[in-house]
Amino acid sequence: MPIYHFNPNLSGYIPSLIKVYSGLGLGYIYSSRTDERLILNGAQRRTESYKASDSGIYIPFRIGAFKDLQSDADIGLEATFIYSPFSELDGNDLQQKRVSADMLMQFQFYYRIHIGRRY
């Protein structure tokens, strides 16, 4: 995913103490799973298992902020929103939900240590 930094790292520039970035991308997902179906026939119950798979395109959007630490490390907070216009990726083929598209929201707090040479 391409990332765009809103405030570049400029020496002595106060707003560059906390760096803000955003990203937008395009992805492909493939899901392979085993589904189970419960069949009710009067007093009898049985379960059928079958293989299923789905695939589709999704659009991830990311926004975050981080601060450089004295050592070769960063500390930051990031939010990611993933949207897929195809509604079968989560295995819910019955469409028993308010919004037909599949969506995911993720928050993460991170401590990143840089290895190798920094630019």
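Analysis parameters
Residues numbered from 1 in each chain as written. Predicted model: local features only at pLDDT ≥ 70, side-chain atom pairs only at ≥ 80, totals over all residues. Heavy atoms only, no water. Helix = DSSP H or I, 4+ residues; strand = E, 2+ residues; numbered from the N terminus. Buried < 20%, exposed > 50% of the residue type's maximum accessible area, 1.4 Å probe, protein only. Contact = heavy atoms within 4.5 Å. Salt bridge = Lys/Arg side-chain N within 4 Å of Asp/Glu carboxyl O. Phe/Tyr/Trp six-rings, centres within 6.5 Å; stacked < 30°, edge-to-face > 60°. pLDDT = per-residue confidence, 0-100.

1. Thoughts on the environment of E48
Along the chain, E48 turns up in strand β4 (residues 44-68). Relative accessible area serves as the criterion here: at 30%, E48 is assigned to the partly exposed category. Each C-alpha atom of the pair E48 and L38 lies 6.6 Å from the other, and the pair is ten residues apart in sequence. The contacts of E48, once residues within four sequence positions are left out, are D35, E36, R37 and I39.

2. What about the environment of Y111?
Turning to its location among the elements, Y111 is positioned in strand β6 (residues 102-113). A sequence separation of 45 residues divides Y111 from F66, and the C-alpha atoms of the two residues are 9.3 Å apart. Here Y111 is in contact with L69, S71, A73 and D74, once residues within four sequence places are set aside.

3. Comments concerning the pattern of salt bridges
Enumeration according to the criterion identifies six salt bridges in this entry. In this structure, the salt-bridge partner of D54 is R33, at a minimum N-O distance of 2.9 Å. On the criterion of sequence distance, the pair formed by D54 in strand β4 and R33 in strand β3 (residues 27-41) is long-range, its members being 21 residues apart. A salt bridge links E78 to R62; the nearest nitrogen and oxygen atoms lie 3.4 Å apart. Of this pair, E78 sits in strand β5 (residues 73-84) while R62 sits in strand β4, and the two are 16 residues apart along the sequence. Exposure remark for E78: the relative accessible area of 9% places this residue in the buried category. What makes R62 partly exposed here is its relative accessible area of 23%.

4. Examining the packing of aromatic side chains
The full count for this structure, using the stated rule, is two aromatic pairs. With a centroid separation of 5.2 Å and 85° between ring planes, the pair formed by Y4 and F6 is classed as edge-to-face. Centre to centre, the rings of Y21 and F66 are 5.9 Å apart; their planes meet at 55°, and the pair counts as tilted. Separated by 45 residues along the polypeptide, Y21 in strand β2 (residues 18-24) and F66 in strand β4 bring together distant segments of the chain. For Y21, a relative accessible area of 5% gives the class buried.

5. Quick notes on the confidence of the model for the protein chain
In this model, the protein chain carries an average pLDDT of 82, and 83% of its residues clear a pLDDT of 70 or more. Element-level mean pLDDT values for the protein chain span from 83 in strand β1 (residues 3-5) up to 92 in β5.

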